[in-house]
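# Survey of secondary and tertiary structure
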Amino acid sequence: MKKYIIIPIVAILGIASFSFKGSEYFEISKNLEIFTTLYKEVNTYYVDDIDANDFIQTGIDAMLKSLDPYTTYYPESEIENYRFQTTGKYGGIGSYIKRKADYIIISEPYKNSPASKAGLIAGDKILSVDEKLIKGKSSDEVSKLLKGQPGTKLKVKVKRPQLSGIDKNLEIEITREEVKMKNVPFFGMVKDGVGYIKLTHFTQDAGKEVEDAFKTLKRNN
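With 85% of its residues at a pLDDT of at least 70, the protein chain reaches an overall mean of 83. Across residues 1-18, where pLDDT falls below 50, the model places 27 contacts with residues more than four positions away in sequence or in other chains.

Here is the structure:
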């Protein structure tokens, strides 16, 4: 079964578990047992096959919907997206990608990124990732395949345009690393007394990066 990571419920439950009274613990155990029994009964006797992932996800969605809109969970497959949204860091190959017709193209590998180290270049057309064919998939779908825990490996098959007009197929193995995206990728002076700070993300370090950029502009001009 697919693993799920619940955020931020885990921390709350960890603290609350120490203050459970006997009656509260009994109610929790009883309801968990009811949930498990219900799932087993439906899975055994329902007229159609039950997709375990979808069934459990529906239950989780319904439970969390009864709380505030900020309590949510992320499947294991989306944890790198969550990390990126909150910290600007993720495990992956470190490259911009874009869709062109039915395929995803390497747009620009980041400097010193795993993609760059492995030899991927701008213009490479991704044919498959770990033998999963890419044709027709969206940028988001391919991005999820490329992301993963730092230190894990993946094989990317690409078609590289050649000056001869005959494209070359390559299979490249890449080791994922932690990639850090800057909130402020650029700043500079537009004219005397007017500075420009480009803020592209808003993670936990965004304020510090804007402050550092502002101080640098002020100090040098």
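Now that the structure has been shown, the text picks up again.
Moving on: a nonpolar patch on the surface. A grouping of Phe186, Val190, Val194 and Tyr196 is seen on the molecular surface, where their side chains present a nonpolar patch of about 370 Å² in accessible area. Elements with a contribution of two residues or more to the nonpolar patch: strand S11 (186-191) and strand S12 (194-198).

Turning our attention to the packing of aromatic side chains. For the coordinates displayed, the defined rule picks out 3 aromatic pairs. Ring geometry for Tyr39 versus Phe55: centroids 5.7 Å apart, planes at 40°, classification tilted. Taken as a pair, Tyr39 in helix H2 (residues 22-45) and Phe55 in helix H3 (residues 52-65) lie far apart in primary sequence, 16 residues in all. Look at Phe55 and you get partly exposed, because its relative accessible area is 33%. For the ring pair Tyr96 and Tyr110, a centre distance of 5.0 Å and an interplane angle of 80° mean the geometry is edge-to-face. Of this pair, Tyr96 sits in strand S4 (residues 95-100) while Tyr110 sits in the loop between strand S5 (103-109) and helix H5 (114-118), placing them 14 residues apart in sequence. Tyr96 sits in the partly exposed class, given a relative accessible area of 41%. The ring of Tyr103 carries the charged tip of Lys125 above its face, separated from the ring centre by 4.9 Å.

Attention now moves to H3. Along an α-helix, residues three or four positions apart point the same way, because every turn accommodates 3.6 residues. Along its 14 residues, H3 runs 20 Å from first to last C-alpha, staying within 8% of the 20 Å computed at 1.5 Å per residue. Inspection of H3 places Ile56, Ile60 and Leu64 among the buried residues, and these make up the whole buried set. The buried side chains of H3 occupy one side of the element, clustering within an arc of 70° when seen end-on. Within H3, the exposed residues directed more than 90 degrees away from the buried face are Thr58, Ala62 and Lys65.

The next point concerns the pairing of strand S6 (residues 125-129). Burial analysis of S6 places 4 of its 5 residues in the buried class, the great majority of the element. Bridge analysis of S5 against S6 gives 2 bridges, and the strand direction is antiparallel. In the strand pairing of S6, Ile105 is matched with Lys125. By the bridge criterion, 4 bridges tie S6 to strand S8 (residues 153-160) in an arrangement that is antiparallel. By the bridge assignment for S8, Val129 is matched with Val156. Here S6 pairs with strand S7 (residues 132-133) via 2 bridges, running antiparallel. Bridge assignment links Val129 to a residue of S7, and that residue is Lys132. Linking S6 to S7, which pair antiparallel, is a turn of 2 residues; within it Asp130 sits at a positive phi near 50°.

About the criteria used
Residues numbered from 1 in each chain as written. Predicted model: local features only at pLDDT ≥ 70, side-chain atom pairs only at ≥ 80, totals over all residues. Heavy atoms only, no water. pLDDT = per-residue confidence, 0-100. Contact = heavy atoms within 4.5 Å. Patch = residues over 30% accessible without salt bridge, like charges linked within 9 Å, V, L, I, M, F, W, Y side chains within 5 Å. Areas by Shrake-Rupley, 256 points an atom, 1.4 Å probe, with all protein chains shown as cover. Salt bridge = Lys/Arg side-chain N within 4 Å of Asp/Glu carboxyl O. Helix = DSSP H or I, 4+ residues; strand = E, 2+ residues; numbered from the N terminus. Phe/Tyr/Trp six-rings, centres within 6.5 Å; stacked < 30°, edge-to-face > 60°. Buried < 20%, exposed > 50% of the residue type's maximum accessible area, 1.4 Å probe, protein only. Lys NZ or Arg CZ within 6 Å of the ring centre and 35° of its normal. Expected span 1.5 Å × (residues − 1). Arc of directions from axis to C-beta. Pairing = 2+ DSSP bridges.

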